[in-house]
Amino acid sequence: MPMPEGKDFLADSPLALASGAPDFGAVDAEEAWIAVIRKMDETYAELVRQQVELEEKNAALEEAQGFIAGLLGSMTDVLIACDLAGRVEQVNLAAERVFGQLADALTGRPLAALLDPSSPTSASDVLATAARRQRIADREFTLATPEGPQAVSVNGALRFDPRGRPVGVVLVGRPIGELRAAYHALANAHEHLKRTQQQLVHAEKMASLGRLVAGVAHELNNPISFVYGNAHALKRYAERLIAYLDAVHAGADAAALARTRGELRIDRALADIPATLAGMLEGAERVRDIVADLRRFSSDKREAREVFDLGSVVRSAVDWVAKSQMPDLAIRVAIPEGLEAVGHPGHIHQVLMNLVQNAVDALEGRPDPRLDITGERLGGPDGERVAVRVRDSGPGIPEDILGRIFDPFFTTKAVGKGTGLGLSICYRIAEEHDGRLEAANHPEGGAVISLILPAGGRA
């Protein structure tokens with residue numbers, strides 16, 4: 001209640017009027033009264049400040065409680081909070097739905113009452129784990145629900161009070177049926193991806209096989225045609241010789257035999273027979289060499305490493321791919337004699353065929369197509385190496401994709417023209433041979449793909 005000003009109040013008091021003189025005791029009482037009033041104001045202001053802080057804390061607490069309640073209500077996993085004695089202290093809406101009871105009916109019940117007797121993990125197991133201060137990770141529980149036993153995968157941890165003392169256990173469970181469905185969907189997706197990858201790899205292998213067959217057919221065509229033509233020539237020569245021998249056996253005189261010999265051109269036939277036989281032999285040997293190369297290159301001895309002549313492998317790859325697909329292609333192969341590598345020649349042949357094929361594809365429609373293949377011996381900290389560089393006169397590789405051309409399924413070719421696995425497989429084969437595959441653009445134009453392998457022997 002407001003008080004009158006201290007000075008006027010004391011001046012009008014009976015004591016002051018009666019004495020007619022200053023009363024120092026009254027002055028002290030006035031000062032004391034003023035101090036009391038000030039202290040009351042300070043106390044009132046402190047009470048107001050504390051009231052504001054309390055209201056703010058209550059608002060924050062209500063907001064936090066609402067947030068936590070919203071989280072618990074939106075959880076689809078079952079949440080059960082117990083004390084260290086195994087009594088339920090709190091559950092969420094998902095638990096209410098699973099057990100078919102409200103939280104008030106579940107609170108205070110022992111955890112064992114919520115578990116089916118067939119549960120692989122019991123309430124005593126939970127309490128024992130909590131006593132050891134350990135976490136519960138992916139343990140299988142069986143809940144006793146109105147619809148019957150329900151298997152759940154549970155994770156749990158200790159709950160602590162503000163002073164850091166354990167006061168209970170929090171369990172979070174997800175129905176195993178949902179997990180199994182998710183795992184099943186994931187497994188199906190993985191199998192589908194594997195099948196798709198296998199189909200693409202098979203398509204790439206079939207494309208490589210088609211190029212190989214076309215190249216081999218082109219290579220075999222020349223020696224076989226040579227053998228075939230010489231065999232016809234030998235057949236004609238044999239017919240002439242037989243006719244001449246028939247005349248000899250018939251007892252013709254010398255003049256008649258001379259005429260017959262001239263008419264049948266026996267002397268010319270006899271002169272051509274050695275060269276014809278030599279040509280047939282050369283063609284047969286070439287066919288034999290091609291078949292031997294095929295057998296060697298198709299060998300699947302993955303662990304068998306050997307020292308092989310890199311030049312012959314390169315020339316075979318060029319003959320089997322480039323010459324059969326682009327007859328007007330200018331090809332220069334500069335591989336030093338005796339340049340040897342260590343590895344599986346069949347696999348390296350596959351890599352080189354793919355590199356040559358990519359170069360041929362890049363040259364399609366280009367004027368004056370050229371293909372340069374060079375080889376050299378390298379040194380370095382990782383040991384002696386040999387390098388084969390395949391350079392084309394095509395448009396080169398765009399800089400923005402230069403670092404991605406060896407990625408699986410990456411291709412710049414039109415749909416149906418490539419699977420994006422050719423260079424990826426080559427890259428993997430090179431790594432399996434303790435080598436590497438590099439791509440760059442030549443300063444004078446065109447792309448350069450370098451295959452680097454461990455060296456064998458001496459250059």
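Quick caveat: nothing in here was measured; it's all calculated off a predicted structure.

1. Considering a nonpolar patch on the surface
So, step 1. On the surface, a nonpolar cluster with roughly 300 Å² of combined accessible area is contributed by Trp33, Val36 and Met40.
So, step 2. Along the chain, Trp33 falls in helix H3 (residues 24-74).
So, step 3. Residue Trp33 is classed as partly exposed on the basis of its relative accessible area of 40%.

2. Comments concerning the sheet that holds strand E3 (residues 136-145)
So, step 1. With antiparallel pairing, 5 strands are arranged side by side in an open sheet as E2-E1-E5-E4-E3. In this open sheet, the two edge strands, each paired with only one partner strand, are strand E2 (88-91) and E3. Looking at each pair of strands side by side, their axes are set apart by 30° on average, direction ignored.
So, step 2. Relative to strand E4 (residues 148-160), E3 runs antiparallel, the two being bridged by 8 bridges.

3. Notes on the side chain of Arg385
So, step 1. Relative to the elements of secondary structure, Arg385 occurs in strand E10 (residues 385-392).
So, step 2. Arg385 gets classed as buried once you look at its relative accessible area, which sits at 12%.
So, step 3. Polar side-chain contacts of Arg385 include one of 2.4 Å to the backbone oxygen of Asp434.
So, step 4. Aside from chain neighbours lying at most four places away, what touches Arg385 is Glu376, Arg377, Leu378, Asp434, Gly435, Ile452, Leu453, Pro454 and Ala455.

4. Considering the UniProt feature "coiled-coil region" (unreviewed entry) in the chain
So, step 1. Mapped onto the present numbering, the UniProt feature "coiled-coil region" (unreviewed entry) falls on residues 37-64.
So, step 2. Helix makes up 100% of residues 37-64 and strand 0%, with an end-to-end C-alpha separation of 40 Å.

5. Looking at the nonpolar core
Where a protein is soluble and globular, its nonpolar side chains tend to be buried together.
So, step 1. Counting 44 residues, the largest nonpolar core has Leu310, Leu352, Leu355, Ile373 and Leu451 as the members making the most contacts within it.
So, step 2. Residue assignment for this core shows that the elements contributing at least two residues are helix H10 (310-325), helix H11 (345-362), strand E9 (370-378), E10, helix H12 (422-432), strand E11 (436-441) and strand E12 (447-456).
So, step 3. Apart from the residues within four sequence positions on either side, Leu451 is in contact with Ile348, Val351, Leu352, Leu355, Val386, Ala387, Val388, Ala430, Arg436 and Leu437.
So, step 4. Grouped together as the second largest cluster of nonpolar side chains are 24 residues, Ala95, Leu114, Val169 and Leu171 included.

Procedures and definitions
- Residues numbered from 1 in each chain as written.
- Predicted model: local features only at pLDDT ≥ 70, side-chain atom pairs only at ≥ 80, totals over all residues.
- Heavy atoms only, no water.
- Patch = residues over 30% accessible without salt bridge, like charges linked within 9 Å, V, L, I, M, F, W, Y side chains within 5 Å.
- Areas by Shrake-Rupley, 256 points an atom, 1.4 Å probe, with all protein chains shown as cover.
- Salt bridge = Lys/Arg side-chain N within 4 Å of Asp/Glu carboxyl O.
- Helix = DSSP H or I, 4+ residues; strand = E, 2+ residues; numbered from the N terminus.
- Buried < 20%, exposed > 50% of the residue type's maximum accessible area, 1.4 Å probe, protein only.
- Pairing = 2+ DSSP bridges.
- Axes fitted to C-alpha atoms, helices over the stretch in contact; angles between N-to-C directions.
- Polar contact = N/O pair within 3.5 Å; in protein donor to acceptor, adjacent residues only side chain to side chain.
- Contact = heavy atoms within 4.5 Å.
- UniProt positions renumbered as here; feature names shortened; annotations may be inferred.
- Core = buried A, V, L, I, M, F, W, Y, C linked by side-chain atoms within 4.5 Å.

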